Amino acid sequence: ALRQPHILLVGEGAGDRDHYRQLLRDNGFDVWTCSNYDDGMHCLDSKQFDGIVVDQGSPAFEGRRVLEHSVTKDRRLPVIVISRYHNMGCYLEAMQLGAVDYLEKPLTAHEIIRVLKTHLLSGSLAA
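Keep in mind that what you see is a predicted model, and the values were worked out from it rather than measured.

(A) Quick look at the overall build of the chain. Helices and strands together make up the secondary structure of the chain, namely 5 helices and 5 strands. When the helices and strands of the chain are placed in sequence order, the string is β-α-β-α-β-α-β-α-β-α. Its C-alpha atoms give the chain a radius of gyration of 13 Å, within 12% of the compact-globule value 14 Å for 127 residues. Residues counted as buried form 42% of the 127 residues belonging to the chain. Looking at the chain alone, contacts between residues at least 24 apart form 63% of all its contacts between residues at least 6 apart.

Printed below as a string of C-alpha cells:
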C-alpha cells in the first residue's frame with residue numbers, strides 16, 4: 001500500500017486551518033498543522049514532509065518565511081501558497097522564491113487536491 005503523503009499546513013487562521021486540514025485528510029493526506037509561522041519553520045526542521053501548504057498571511061506575506069526556509073532546506077519540496085487576498089506582488093514574490101503554486105481562497109477540495117497531487121506525484125512520491 002502507498003503511504004499517505006505527509007503535508008505540512010501552516011496558517012494563523014484557525015477556521016481556515018481546520019477546514020483545509022479536514023479537506024486534505026478526507027482525501028488521503030496525512031496532515032500536520034502549525035498555527036504560526038515560527039512553528040512551521042521548526043516543523044520543517046524536525047519532520048519530513050512531501051509538500052507544504054502555507055497561508056500567505058496578510059498582504060505583508062508573513063508566510064514567506066516558511067517558503068524561504070523550505071527552499072533552503074530542500075528545493076524539491078513543493079510549497080503551495082494560499083491567499084485570501086489576490087495580490088500580484090505576493091504572487092510574483094512567491095513564485096520567484098520557489099512556490100509551485102499560489103491559490104486564492106476559497107479553494108474547492110478539488111482544486112487544492114489537484115494541485116497537491118500534480119506536484120507530489122511529479123516530485124518526492126514518484127522518486
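Next comes the rest of the write-up.
(B) Spotlight on the pairing of strand S1 (residues 6–10). By the criterion of burial, S1 is predominantly enclosed, with 4 of the 5 residues buried. As defined by bridge partners, S1 adjoins strand S2 (residues 30–34) across 5 bridges and the pair is classed as parallel. Bridge pairing links Ile7 to Val31 in S2. What joins S1 to S2 is helix H1 (residues 14–26), and the crossover it makes is right-handed. As judged from the 4 bridges shared by S1 and strand S3 (residues 51–55), these two strands associate in the parallel manner. From the neighbouring strand, Val10 faces S3, where its bridge partner is Val54.

(C) Inspection of the packing of helix H2 (residues 37–46) against helix H3 (residues 64–73) at higher detail. Viewed as axis vectors pointing N to C, H2 and H3 meet at an angle of 15 degrees, and their least axial separation amounts to 9 Å. As judged from the angle between their axes, H2 and H3 are roughly parallel. The interaxial crossing formed by H2 with H3 has right-handed handedness. Touching Tyr37, Asp38, Met41, Leu44 and Asp45 of H2 are Arg65, Val66, His69, Ser70 and Lys73, all from H3. The class makeup of the residues in the contact of H2 with H3 is 4 nonpolar, 2 polar and 4 charged.

(D) Main features of H3. Taken as a whole, H3 has its buried residues at Val66, Leu67, His69, Ser70 and Val71. Packing partners of the buried residues in H3 comprise S1, H2, S3, strand S4 (79–83) and helix H4 (88–97).

(E) A look at the packing of aromatic side chains. The tally for this structure, following the rule as stated, stands at 1 aromatic pair. For the cation-ring pair, Lys47 lies above Trp32, with the distance from its terminal atom to the ring centre recorded as 4.0 Å.

(F) Looking closely at the pattern of salt bridges. Per the counting criterion, the structure on display carries 9 salt bridges. The residue Asp50 makes a salt bridge to Arg3 at a minimum N-O spacing of 2.9 Å. With Asp50 in the loop between H2 and S3 and Arg3 in the segment before S1, this residue pair connects regions lying 47 residues apart in the sequence. Overall, the relative accessible area of 46% leaves Arg3 in the partly exposed class. Ionic pairing is found between Asp55 and Lys105, a salt bridge with its closest N-O pair at 2.6 Å. Of this pair, Asp55 sits in strand S3 while Lys105 sits in the loop between strand S5 (101–104) and helix H5 (109–122), and the two are 50 residues apart along the sequence. Lys105 gets classed as buried once you look at its relative accessible area, which sits at 12%. The network of salt bridges with shared partners includes Asp16, Asp55, Arg84 and Lys105.

Scoring rules and cut-offs
- Residues numbered from 1 in each chain as written.
- Predicted model: local features only at pLDDT ≥ 70, side-chain atom pairs only at ≥ 80, totals over all residues.
- Heavy atoms only, no water.
- Helix = DSSP H or I, 4+ residues; strand = E, 2+ residues; numbered from the N terminus.
- Rg over C-alpha atoms; globule rule 2.2 N^0.38 Å.
- Buried < 20%, exposed > 50% of the residue type's maximum accessible area, 1.4 Å probe, protein only.
- Contact = heavy atoms within 4.5 Å.
- Pairing = 2+ DSSP bridges.
- Right-handed = clockwise from strand over helix to strand, strands pointing away.
- Axes fitted to C-alpha atoms, helices over the stretch in contact; angles between N-to-C directions.
- Parallel < 35°, antiparallel > 145°, perpendicular 65-115°, else oblique.
- Left-handed = near helix turned anticlockwise from the far one by under 90°.
- Nonpolar A, V, L, I, M, F, W, Y, C, P; charged D, E, K, R; others polar.
- Phe/Tyr/Trp six-rings, centres within 6.5 Å; stacked < 30°, edge-to-face > 60°.
- Lys NZ or Arg CZ within 6 Å of the ring centre and 35° of its normal.
- Salt bridge = Lys/Arg side-chain N within 4 Å of Asp/Glu carboxyl O.

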